[in-house]
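Breakdown of the fold
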Amino acid sequence: MEKLKTLGIKDLFVKTYFVEEKTEKLFEEILRTYDKKISYIIGDLVTNEISIGIKIKTNTIWIRQGKFKDIELSSWQGKPTHIIEELEEIKNIIVS
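Residues numbered from 1 in each chain as written. Predicted model: local features only at pLDDT ≥ 70, side-chain atom pairs only at ≥ 80, totals over all residues. Heavy atoms only, no water.

**Brief notes about the side chain of Ser-39**
Counting through the fold element by element, Ser-39 comes out in the loop between helix H2 (24-31) and strand S1 (40-43). Here Ser-39 falls in the buried class, since its relative accessible area comes to 10%. Setting aside chain neighbours within four positions, we find Ser-39 in contact with Leu-31, Tyr-34, Thr-58 and Asn-59. (Helix = DSSP H or I, 4+ residues; strand = E, 2+ residues; numbered from the N terminus. Buried < 20%, exposed > 50% of the residue type's maximum accessible area, 1.4 Å probe, protein only. Contact = heavy atoms within 4.5 Å.)

Structure (structure tokens):
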């Protein structure tokens, strides 16, 4: 949460969830009360949280950095809505 404040993007989100165990069931439960068209799943592991977001048809932002930056999804798994390399880029996506 501190990183979001530092980046000046905390107020762009109505609600923010930071979860350790990322499952389709959990994400579906969280998104049940929100519009998937204006919701985002953001993460650095494309084969986990991002692939779940693609599967449940919500916006995804893959932060392509760190030890998972070179992992790719198969073409049949789909593509993230957005791919960024720095957290600061989230603001441009959310505001536009």
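So, next bit.
**Description of the environment of Asn-92**
Mapped onto the secondary structure, Asn-92 falls in helix H4 (residues 90-95). Sequence spacing of Asn-92 and Tyr-34 is 58 residues, and the spatial spacing of their C-alpha atoms is 21 Å.

**Description of the pattern of salt bridges**
With the rule as written, the count across this model stands at four salt bridges. Between Glu-2 and Lys-5 there is a salt bridge, with its nearest N and O atoms 3.5 Å apart. Of this pair, Glu-2 and Lys-5 both sit in helix H1 (residues 2-7), three residues apart, which is roughly one turn of the helix. Residues Glu-72 and Arg-64 are paired through a salt bridge, measuring 2.3 Å at the closest nitrogen-oxygen approach. What makes Arg-64 partly exposed here is its relative accessible area of 24%. (Salt bridge = Lys/Arg side-chain N within 4 Å of Asp/Glu carboxyl O.)

**Observations regarding the side chain of Thr-60**
Secondary-structure assignment places Thr-60 in strand S2 (residues 59-63). Polar contacts involving the side chain of Thr-60 include one to the main-chain amide nitrogen of Thr-81, which spans 2.8 Å. Apart from the residues within four sequence positions on either side, Thr-60 is in contact with Ile-41, Ile-50, Gly-53, Ile-54, Pro-80, Thr-81 and His-82. (Polar contact = N/O pair within 3.5 Å; in protein donor to acceptor, adjacent residues only side chain to side chain.)

**Some words on the sheet that holds S2**
Think of a sheet as strands paired side by side through backbone hydrogen bonds, with each pair either parallel or antiparallel. A sheet is described by the order of its strands in space; here three strands give the open sequence S1-S2-S3, paired in parallel fashion. Both edges of this open sheet fall to S1 and strand S3 (82-84), since each of them pairs with a single strand only. In this sheet, neighbouring strand axes are inclined to one another by 15° on average, regardless of whether the strands run parallel or antiparallel. Relative to S2, S1 is paired through four bridges, and the arrangement is parallel. (Pairing = 2+ DSSP bridges. Axes fitted to C-alpha atoms, helices over the stretch in contact; angles between N-to-C directions.)

**Focus on the packing of aromatic side chains**
Per the counting criterion, the structure on display carries zero aromatic pairs. Its end group placed over the ring of Tyr-17, Lys-15 keeps NZ or CZ at 5.8 Å from the ring centre. (Phe/Tyr/Trp six-rings, centres within 6.5 Å; stacked < 30°, edge-to-face > 60°. Lys NZ or Arg CZ within 6 Å of the ring centre and 35° of its normal.)

**Examining the pairing of S2**
Across a regular strand the side chains alternate sides, sitting on one face of the sheet and then on the other. In terms of residue burial, S2 counts as a mostly covered element, since five of its five residues are buried. Residues of S2 alternate between two faces, with Asn-59, Ile-61 and Ile-63 on one and Thr-60 and Trp-62 on the opposite face, all of them buried. Following the chain from S1 across helix H3 (residues 46-55) to the adjacent parallel S2, one finds a crossover that is right-handed. (Right-handed = clockwise from strand over helix to strand, strands pointing away.)

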